[in-house]
Amino acid sequence: MQTNKHAGSFNLGDRTVQRMGYGAMQLAGPHVFGPPKDREAAIAVLRDAVAAGVNHIDTSDFYGPHVVNQLIREALSPYTEDLVLVTKVGAVRGDDASWNIAASPDALRRAVEDNLRNLGLETLEVVNFRCMLGGAGGVTEGSIAEPFAALARMREEGLIRHLGVSNVTARQVAEARAIAPIACVQNQYNLAHREDDALIDMLAAEGIAYVPFFPLGGFSPLQSTALDTVARGLDVTPMQVALAWLLHRSPNILLIPGTSSVSHLRENMAATSLTLPDAALAALDEIGK
């Protein structure tokens with residue numbers, strides 16, 4: 001019998017965070033663009049997350065753009081000492097809500113300054129470089145040395161405390177680590193999308209956090225008969241099982257499921273106390289093979 005009770009914590013740089021965090025992307029309007037339909041509801045979700053013990057919130061100034069960071073500041077500032085806000089740079093939004101590469105040194109500096117201003121911070125705790133070599137799609141090989149080195153210089157200036165990388169290959173992770181230490185890798189990973197299995201294990205051995213985005217499948221929720229069967233047997237939702245499986249997968253995995261609903265947030269949080277029997281784990285492990 002394996003248990004995820006209380007889920008535990010892991011280091012993010014030199015900060016210790018609870019393994020169940022919160023991703024703020026869905027607080028923006030449709031297509032992560034513009035203001036939320038209900039601003040007060042968005043603020044309530046943020047405050048409820050922190051009240052529930054979340055101390056790791058993932059965001060970016062290109063969510064909105066600007067909107068989500070401003071919501072976080074309104075809802076949570078002045079920030080508690082244990083709260084770690086993690087942002088990402090490397091893209092900007094067009095007027096048509098498009099996602100466009102913004103990885104030149106000047107563009108990255110503007111992005112860091114925008115995040116600082118809209119979050120109301122003097123230093124960003126963690127900044128992920130979001131690789132967009134493949135456009136808005138999946139990972140693509142290619143050098144990230146120039147943009148990552150630009151962020152490393154801002155780290156030396158004191159604008160950033162820790163660096164991470166997002167939407168990257170194992171080769172790009174190694175390239176970044178040769179330039180500056182990284183606190184985390186943020187890639188797509190879930191029960192059905194498991195190309196990063198080897199990378200997760202390598203990072204765990206190095207004490208580096210792995211933060212899966214789309215842990216529940218993203219814009220196309222996970223669909224699996226095996227997942228549904230396990231959930232029915234435990235009298236929980238399939239999404240709670242999917243989150244519990246990720247917590248079991250490796251101790252360096254930090255979760256950031258997103259939602260704009262307080263009730264859904266609480267449902268996600270409940271996954272931290274979900275026990276997965278060995279038979280259930282075996283069935284779930286088969287999904288991504």
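Description of the structure in this document.

Reading the values: rules and limits
Residues numbered from 1 in each chain as written. Predicted model: local features only at pLDDT ≥ 70, side-chain atom pairs only at ≥ 80, totals over all residues. Heavy atoms only, no water. Helix = DSSP H or I, 4+ residues; strand = E, 2+ residues; numbered from the N terminus. Core = buried A, V, L, I, M, F, W, Y, C linked by side-chain atoms within 4.5 Å. Buried < 20%, exposed > 50% of the residue type's maximum accessible area, 1.4 Å probe, protein only. Contact = heavy atoms within 4.5 Å. Pairing = 2+ DSSP bridges. Axes fitted to C-alpha atoms, helices over the stretch in contact; angles between N-to-C directions. Right-handed = clockwise from strand over helix to strand, strands pointing away.

Notes on the environment of Met25
With respect to the helices and strands, the residue Met25 is situated in the loop between strand E4 (22–23) and helix H1 (39–51). For Met25 and Val68, which are 43 residues apart along the polypeptide, the C-alpha to C-alpha distance reads 7.2 Å.

Overview of the nonpolar core
In this structure, Tyr22, Ile57, Ile72 and Leu151 are the most contacted members of the largest nonpolar core, which totals 82 residues. Per element, the largest residue contribution to this core is eight residues, and it comes from helix H8 (residues 238–249). Not counting the four nearest positions on each side in its chain, Ile72 is found in contact with Ala24, Leu46, Ile57, Thr59, Ser77, Tyr79, Leu85 and Leu119. In terms of nonpolar packing, the next biggest core, distinct from the first, is built from 11 residues, Val86, Val126, Cys184 and Ala209 among them.

Observations concerning the sheet that holds E4
One open sheet accounts for seven strands, arranged E4-E5-E6-E9-E10-E11-E12; its pairing is parallel. Two strands bound the open sheet, and with one partner strand each, they are E4 and strand E12 (209–213). Where strand E10 (residues 160–166) meets strand E11 (residues 184–188), three bridges bridge the pair, whose relative direction is parallel. If you follow Gly164 over to E11, its bridge partner there is Cys184. Packed onto the sheet, helix H4 (residues 145–157) meets strand E6 (84–89), strand E9 (124–130) and E10 and runs at close to 165° relative to E10.

Section: the pairing of E12
With five of its five residues buried, E12 lies for the most part within the structure. Every second residue of E12 is oriented toward a common face, with Ala209, Val211 and Phe213 on one face and Tyr210 and Pro212 on the other, all of them buried. Pairing between E11 and E12: five bridges, direction parallel. Bridged to Cys184 within E12 is Ala209. Following the backbone out of E11, through helix H6 (residues 197–206) and into the adjacent parallel E12, one traces a crossover that is right-handed.

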